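Take a look at the letters that make up each chain.
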Amino acid sequence: MADREMDHPTAEQLAKLHEWLKAQVTQSYEGTSPSSLTPDEVRARIDQAYERAEVQLPSGMMEQLLADVLNGLLGYGPIQPLLDDPQVTEVMVNGPKSVFVERDGQLELTSVVFDGDSEILDLIDQIITPLGRRIDAENPTVDARLPDGSRVNAVIPPVAIDGPSITIRKFPKERLRIDDLIAFETLTPHMADFLRACVASKLNVVVSGGTGSGKTTLLNILSEFIPEGERLVTIEDAAELQLHHINLVRLETRAPNVDGEGEVPIRHLVRNALRMRPDRIIVGEVRGGEALDMLQAMNTGHDGSLTTVHANSPRDAISRLETLCLVSGVLLPLKVVREQIASAVDLIVQQTRLRDGSRKVTAISEVNGMEGDIVVMSDIFKFAETGIGEDGKVIGEMKPTGIRPMFGQRLEAAGFKLTAEMFGSGDESLLNPTRRSR
């Protein structure tokens, strides 16, 4: 390339220089995989290529260009800085010039741009190819994950009308703990102690919530309360859970191959897990007929199992489970399905993303059993919204309802003595209220 100063290069000139530098460094590998080199070694080769280009860019522009080349070689191109930003929790690529992020619960448009749809498609291929996944006109959607566990969804034409789109739910670099949720005011210390007792006492727990509400994060934290001596089997579409138990088997679904064969859905994995002598089964999310298999597992000796479901309230979670069971292909009367749910599920924890972007546990509800054809529930803790502050933040209070759970004796048998104060009353007569048994 000619020796010249480029004080005000056009976007086209920068793009050509970017591709030339990338090609020069790629040729320098000479059969060596770039993954075998350190970032410093790759950056040194980029600097050498830039010197050979005999082009002088303004200092700031040059540094940005070389960083972009490095990200393109070792990272995920233009969005790598967003993935490196600890404040960003989600990255959304709507098009070459429409890249949004979620930061502190709020969406914002970034200055990141792609050269065109082809660069977005190249990035999708870069993500899914190592995982054995595919995307094409016949299979225009794909779910995958980055090496750090971040969840990726990609959609291309013809279903994506305006061009390819990528959504990345980032995986936190540092695992959150229950104390972090308390500090974030996601829940109270009493709620945390209650959930710890419920999980350790082998109650079956369903975490309910909408998209982006933090269900998987909460499920991951609840799993910390499982005693070490138990055997766990986790089942997920894309592995996200970070469990550190010794006796752990992680299962992940598999998409069909190019011939449409070899698919392994969640439902198959749930059934297979029953043959693996699990003490507990943890399903990242039930969204189909596997809900019935999960309930049957909970009802047949696998107490303490955990899962999540998309729903906006504990009552909606019951309805959602009913619907998923009814589409399982097993012909069961609705009342029988409800009886399955009422006997299997002990607790529903509702996680909500509020209008200000904050995430809170807005309800912890016990499933009490059946009365006639209706599943009976009791709220143990409830979030009451009282208004909006001057800063736009939701104002409210998470407090107990005064109702003691019917499974209190199970908690005490497991060594947890929960005080009346935890449930909002100093009246010891409320410790064992007279209620119908399950």
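Preceding this paragraph is the structure being described.
Reference entry: report on the structure contained in this document.

Over its 13 residues, helix 11 (residues 314–326) runs 19 Å from end to end, which matches the ideal 18 Å to within 8%, given 1.5 Å per residue. Within helix 11, burial applies to P314, A317, I318, L321, E322, L324 and C325. Each buried residue of helix 11 sits inside an arc of 165 degrees when the element is viewed along its axis, so together they form one side.

As a further point, take the environment of M294. Residue placement: M294 occurs in helix 10 (residues 290–298). Separated by 183 residues in the primary sequence, M294 and S111 have C-alpha atoms spaced 44 Å apart. For M294, the residues in contact, after removing those within four places along its chain, are V270, I281, V283, V286, S305, L306 and T307.

Let's shift gears to unusual backbone geometry. Backbone torsion omega between P157 and P158 reads 15 degrees, so that peptide bond is classified as cis. With respect to the helices and strands, P158 occurs in the loop between strand 7 (151–155) and strand 8 (165–169). With a phi angle near 70 degrees, K202 is a residue other than glycine that sits in the positive phi range. Among the secondary structure elements, K202 is positioned in the loop between helix 7 (189–200) and strand 9 (205–209). Note on K202: relative accessible area 25%, which makes it partly exposed.

What follows covers the layout of surface pockets. Roughly 900 Å³ of internal volume is contained in the second largest pocket. Surrounding the second largest pocket, 28 residues form its lining, D68, P78, V113, D115 and E119 being those nearest its centre. Sorting the residues of the lining of the second largest pocket by element identifies helix 1 (11–28), helix 3 (59–74), helix 4 (80–84) and helix 5 (117–128) as the ones contributing at least two each. The biggest single contributor to the lining of the second largest pocket is helix 1, with six residues. Of the residues belonging to the lining of the second largest pocket, the class tally is 13 nonpolar, eight polar and seven charged.

Pairing between the strands of a sheet comes from backbone hydrogen bonds, and it takes one of two forms, parallel or antiparallel. With antiparallel pairing, six strands are arranged side by side in an open sheet as 5-4-3-8-7-6. At either margin of the open sheet sits one strand with a lone partner, and together these are strand 5 (106–109) and strand 6 (141–145). The sheet shows a mean angle of 15 degrees between the axes of neighbouring strands, direction not considered. Alignment of strand 6 against strand 7, held across five bridges, turns out to be antiparallel. Pairing of D143 across the sheet is with N153, part of strand 7.

In this section: the packing of aromatic side chains. Working definition: an aromatic ring pair is given by the centre-to-centre distance plus the angle between the planes. Counted according to the given criterion, the structure contains four aromatic pairs. Their ring planes at 25 degrees and their centres at 6.1 Å tell us that F194 and F407 sit as a pair that is stacked. Placement of F194 in helix 7 and of F407 in the loop between strand 17 (394–400) and helix 13 (408–413) is noted, with a sequence separation of 213 residues between them. In this structure, F194 and F407 share a single accessibility class: buried. Every member of this aromatic cluster is reached through a ring pair, and the members are F194, F381, F407 and F423.

Glancing now at the side chain of E366. Structurally, E366 is set in strand 15 (residues 359–371). Overall, the relative accessible area of 0% leaves E366 in the buried class.

On to a negative patch on the surface, then. Taken together, E19, D115, D122 and D125 make up a surface patch of like negative charges. Among the structural elements, D115 can be located in the loop between strand 5 and helix 5. We classify D115 as exposed; its relative accessible area is 55%.

Moving on, we come to the sheet that holds strand 13 (residues 306–310). Spatial strand order, 11-10-12-13-9-14-15-16-17: nine strands in an open sheet with mixed pairing. Each edge of the sheet is formed by a strand with only one pairing partner; in this case those strands are strand 11 (248–252) and strand 17. The sheet shows a mean angle of 25 degrees between the axes of neighbouring strands, taken without regard to direction.

Note on placement: I128 falls in helix 5. What makes I128 buried here is its relative accessible area of 2%. Sequence separation between I128 and T110 is 18 residues; the distance between their C-alpha atoms is 24 Å.

Reading the values: the criteria
Residues numbered from 1 in each chain as written. Predicted model: local features only at pLDDT ≥ 70, side-chain atom pairs only at ≥ 80, totals over all residues. Heavy atoms only, no water. Helix = DSSP H or I, 4+ residues; strand = E, 2+ residues; numbered from the N terminus. Expected span 1.5 Å × (residues − 1). Buried < 20%, exposed > 50% of the residue type's maximum accessible area, 1.4 Å probe, protein only. Arc of directions from axis to C-beta. Contact = heavy atoms within 4.5 Å. 1 Å grid on protein atoms, 1.4 Å probe; cavity = no way out; pocket = protein on both sides within 12 Å on 5 of 7 lines; lining within 4 Å. Points joined across faces, edges and corners; volume = space filled by probe spheres on them. Nonpolar A, V, L, I, M, F, W, Y, C, P; charged D, E, K, R; others polar. Pairing = 2+ DSSP bridges. Axes fitted to C-alpha atoms, helices over the stretch in contact; angles between N-to-C directions. Phe/Tyr/Trp six-rings, centres within 6.5 Å; stacked < 30°, edge-to-face > 60°. Patch = residues over 30% accessible without salt bridge, like charges linked within 9 Å, V, L, I, M, F, W, Y side chains within 5 Å. Areas by Shrake-Rupley, 256 points an atom, 1.4 Å probe, with all protein chains shown as cover. Salt bridge = Lys/Arg side-chain N within 4 Å of Asp/Glu carboxyl O. Lys, Arg positive; Asp, Glu negative; His and termini not counted. Charge placed at Lys NZ, Arg CZ, Asp CG, Glu CD.

In short, geometric facts, not functional conclusions.
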